[in-house]
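Each chain is listed here by its residues.
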Amino acid sequence: MTSQQKQSSKRAAGAPALPEPKGPRPARLGAAAALTAVEGLALAALGAYMLIDGLVGTPDSPQQAEMGGVTILALALLPLVAARGLWLRRRWSRGPSLITQIVALPVAWTLVKGGGVLIAAGAALAVAALVVLVLLVNPTATAALGIAPRETP
């Protein structure tokens, strides 16, 4: 039986997966959670706007607006769930938050290239994504999430 199979059988037997984090939440981790939540809320607001516009507004294609709204609402769940996990210091939440930030960077670039008011929105999104990336790779945040550096043989 491999080590991974032994761990799986222990978890199935009801053994706790990880101990609860101790001590205060680092400010860096709290800031990363807050910024990730703001991104998720902004996505949710955009999705709700598109959905409502598709239902009661006069878009070019109501079906496309409704489907786009539902899709963006579904995508908003990832950063919102990740933000809650970061706030509660759950180890698994770092990955979804990092993915959200990496995906946000090309979106920010597209917004900046759009011109007008979109330049400010794209710049704000890019800054937020870069700040969260830096906060999440910080050793203080990784230690607070229970992520230790790998040991080299």
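Now for a quick tour of the structure. Think of each chain on its own: its residues are numbered from 1, step by step along the sequence as written. Two thresholds apply to this predicted model, a pLDDT of at least 70 for residue-level local features and 80 or more for giving and counting side-chain atom pairs, whereas whole-chain, interface and lining totals are computed over all residues. Each side-chain value is derived from all of the structure's non-hydrogen atoms; neither hydrogens nor water enter the calculation.

Our next topic: the overall build of the protein. For the protein, the helix and strand inventory stands at six helices and zero strands. Numbering of helices and strands runs from the N terminus, with a helix taken as a DSSP run of H or I at least four residues long and a strand as a DSSP run of E at least two residues long. Starting at the N terminus, the α and β elements of the protein follow one another as α-α-α-α-α-α. Relative accessible area decides the class of each residue, using a 1.4 Å probe on protein chains only: under 20% of the type maximum gives buried, over 50% gives exposed, and in between gives partly exposed. Within the protein, the fraction of its 153 residues that count as buried is 28%. Throughout, a contact is declared for two residues whenever any of their heavy atoms are within 4.5 Å. For the protein, the proportion of contacts with a sequence separation of at least 24, taken over those separated by at least 6, is 65%.

Our next topic: a nonpolar patch on the surface. Each patch is built from salt-bridge-free residues with over 30% relative accessible area, joining like charges within 9 Å and nonpolar side chains (Val, Leu, Ile, Met, Phe, Trp, Tyr) within 5 Å. Note on areas: Shrake-Rupley, 1.4 Å probe, and residue coverage restricted to the protein chains presented here. The rule for a salt bridge is simple: a side-chain nitrogen of Lys or Arg has to be within 4 Å of a carboxyl oxygen of Asp or Glu. Nonpolar side chains collect at one region of the surface, where Leu78, Ile99, Val103 and Val107 lie side by side and expose about 330 Å² of accessible area between them. Looking at where Val107 falls in the secondary structure, it is placed in helix H4 (residues 94-114). Using a relative accessible area of 41% as the deciding quantity, one classes Val107 as partly exposed.

To define a nonpolar core, start from buried Ala, Val, Leu, Ile, Met, Phe, Trp, Tyr and Cys residues and group those joined through side-chain atoms within 4.5 Å. Membership of the largest hydrophobic core is limited to twelve residues, which are Leu29, Ala32, Ala33, Leu86, Leu98, Val132, Leu133, Leu135, Leu136, Ala141, Ala144 and Leu145. Contributing elements (two or more residues each) for this core: helix H2 (27-56), helix H5 (117-137) and helix H6 (139-144). No other element matches the four residues that H5 contributes to this core. With residues near it in sequence (within four places) discarded, Leu86 still touches Leu29, Ala32, Ala33, Thr36, Ser93, Arg94, Ser97, Leu136 and Leu145.

So, about the packing of H2 against helix H3 (residues 62-87). The angle between two axes is taken between their N-to-C directions and runs from 0 to 180 degrees, where each axis is a line fitted to C-alpha atoms and a helix contributes only its stretch in contact. In the contact formed by H2 and H3, the axes pass within 7 Å of each other and the chain directions differ by 165°. Put simply, H2 runs roughly antiparallel to H3. Considering how the two elements wind past one another, H2 and H3 form a crossing that is left-handed. By definition in this entry, angles of less than 35 degrees are roughly parallel, angles greater than 145 are roughly antiparallel, angles of 65 to 115 are roughly perpendicular, and the rest are oblique. Should the near helix be turned anticlockwise from the far one by less than a right angle, the crossing is left-handed, and should it be turned clockwise, the crossing is right-handed.

With that settled, consider H5. A helix is expected to span 1.5 Å for every residue after the first. Taking 1.5 Å as the rise per residue, H5 with 21 residues should run 30 Å; its terminal C-alpha atoms sit 31 Å apart, in good agreement. Where H5 is buried, its residues contact H2, H3, H4 and H6.

Taking 1.5 Å per residue as the helical rise, H4 with its 21 residues ought to reach 30 Å, and the 30 Å between its terminal C-alpha atoms agrees with that figure. Those residues of H4 not exposed but buried are Arg94, Pro96, Ser97, Leu98, Thr100, Gln101, Ala104 and Ala108. For H4, the elements touching its buried residues are H2, H3, H5 and H6. Phi turns positive one or two residues past the end of H4, at Gly115, with a value near 80°.

Turning next to the layout of surface pockets. A cavity, in this analysis, means grid points on a 1 Å lattice covering only the protein atoms where a 1.4 Å probe fits yet has no way out; a pocket is instead an open set bounded by protein on both sides within 12 Å along at least five of seven lines, and a residue lines either one if it has an atom within 4 Å of a point. Grid points are joined across faces, edges and corners, and a volume is the space filled by probe spheres set on the points. As a volume, the largest pocket reaches approximately 600 Å³. Along the walls of the largest pocket sit 21 residues, with Glu39, Leu43, Ala104, Val107 and Leu125 positioned nearest its centre. Those elements that provide at least two residues to the lining of the largest pocket are H2, H3, H4 and H5. Of the residues that constitute the lining of the largest pocket, the class distribution is 19 nonpolar, one polar and one charged. The residue classification treats Ala, Val, Leu, Ile, Met, Phe, Trp, Tyr, Cys and Pro as nonpolar and Asp, Glu, Lys and Arg as charged. All others, Gly included, are polar.

This part covers the side chain of Thr142. The residue Thr142 is located in helix H6 in this model. In this structure Thr142 comes out as buried when scored by relative accessible area, which is 13%. Thr142 has contacts with Arg94, Leu136, Val137 and Ile147, leaving out every residue within four places of it along the chain.

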